[in-house]
Amino acid sequence: MSIIDVRNASKSFKGQTVLADVSLTIERGRSYGLCGPNGSGKSVLLQMLCGLIAPDTGSVSIDSSLLSADRTFPDRFGISINGPAYLAGLSAIDNLLDLAAIRKRDTRADCEAVLDDVGLDPRSRQRVRTFSLGMKQKLALAQAFIESPEVLLLDEPFNALDEESVQNITTLLRAKSESGTTIVMTSHHRSEIDAICDSIITINGGKIRADTVA
Ligand SMILES: Nc1ncnc2c1ncn2[C@@H]1O[C@H](COP(=O)(O)OP(=O)(O)OP(=O)(O)O)[C@@H](O)[C@H]1O
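The present account deals with the structure reproduced in this document. Just so we're clear, the structure is a prediction, and the values are computed from it rather than from any experiment. (Residues numbered from 1 in each chain as written. Predicted model: local features only at pLDDT ≥ 70, side-chain atom pairs only at ≥ 80, totals over all residues. Heavy atoms only, no water.)

### Let's talk about helix α5 (residues 163-178)
Part 1: Spanning 16 residues, α5 covers 23 Å between terminal C-alpha atoms, matching the ideal 22 Å at 1.5 Å per step.
Part 2: Listing the buried residues of α5 in full gives Ser 165, Val 166, Ile 169, Thr 170, Leu 172, Leu 173 and Ser 177. Down the axis, α5 shows its buried residues gathered within 165° of arc, on one side only. When the buried face of α5 is taken as reference, the exposed residues oriented beyond 90 degrees from it are Glu 164, Gln 167, Thr 171 and Glu 178.
Part 3: Tucked inside the fold, the buried residues of α5 contact β3 (31-35), α3 (108-118), α4 (133-145), β6 (151-154), β7 (182-186) and α6 (190-196). (Helix = DSSP H or I, 4+ residues; strand = E, 2+ residues; numbered from the N terminus. Expected span 1.5 Å × (residues − 1). Buried < 20%, exposed > 50% of the residue type's maximum accessible area, 1.4 Å probe, protein only. Arc of directions from axis to C-beta. Contact = heavy atoms within 4.5 Å.)

### With respect to the pairing of β6
Part 1: On β6, burial covers both faces: Val 151 and Leu 153 on one face and Leu 152 and Leu 154 on the other are all buried.
Part 2: Looking at chain direction, strand β5 (residues 77-80) and β6 are connected through four bridges and run parallel. Pairing of Ile 79 across the sheet is with Leu 153, part of β6.
Part 3: Where β6 and β7 come together, four bridges link them in parallel fashion. Following the sheet pairing, Leu 152 is matched in β7 by Ile 183.
Part 4: Each parallel crossover has a hand, and for β6 linked through α5 to β7 it is right-handed. (Pairing = 2+ DSSP bridges. Right-handed = clockwise from strand over helix to strand, strands pointing away.)

### Description of the pattern of salt bridges
Part 1: In the structure shown here, the tally under the stated rule is 14 salt bridges.
Part 2: Residue Asp 56 is joined to Lys 11 by a salt bridge in which the shortest nitrogen-to-oxygen separation is 3.2 Å. On the criterion of sequence distance, the pair formed by Asp 56 in the loop between α1 (42-49) and β4 (57-62) and Lys 11 in strand β1 (residues 2-13) is long-range, its members being 45 residues apart.
Part 3: Across the pair Arg 123 and Asp 121 runs a salt bridge, and its minimum N-O distance is 3.2 Å.
Part 4: Classification of Arg 123 as exposed rests on a relative accessible area of 65%.
Part 5: We classify Asp 121 as partly exposed; its relative accessible area is 38%.
Part 6: Each of Arg 28, Asp 63, Arg 76 and Glu 150 takes part in salt bridges that share partners, so that together they form one network. (Salt bridge = Lys/Arg side-chain N within 4 Å of Asp/Glu carboxyl O.)

Shown next as structure tokens:
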């Protein structure tokens, strides 16, 4: 069953066409790997899938079960695009608790479990300002994973992660996919897509092509 439908969408920035009349259906429970050269439009497409960027022409329809009550906000999405949006003077757990306080779905124990899952110490008081790149990446993933979203949109989830962390996040994403979470993730590494995704979407020259992963 389709949960996001992109129909004949085009997007340009200052006369540069990034997406040219593309159509794409995201099916509930499937996982998609988005690949293509630098600057080909992967992040733009991810932002379009959750309504953060509107197409110039064409449409993006998001299933109403994923939207907030007033149907304007993508409520059941976990998003990690352009790194974490964090409060630098707070610890990882305090950043997650701040976020969880908005919708009050997750408890402190839930937030601690998510940090533990991504490989950050829930008890650490270290301020995020002093985090390494990989630690910030793990925080971005934790922010996307809280409240068990139905759809995960992840821009290069393995960026800056060491080998063991890549293994851990791969296992975590596969488990989420197997339990029904819809995942769309970008990657420059085919092996990462093959390890997690059912389908591969290639963007190049403003056009997209979707194939099943063998
Ligand atoms: N808000 C914006 N304003 C102007 N141009 C933009 C904006 N967002 C994206 N672009 C342009 O759109 C093009 C596609 O960018 P995008 O970030 O989607 O590429 P990408 O495929 O994710 O690249 P990478 O692999 O390097 O992460 C780029 O040329 C970029 O400069």
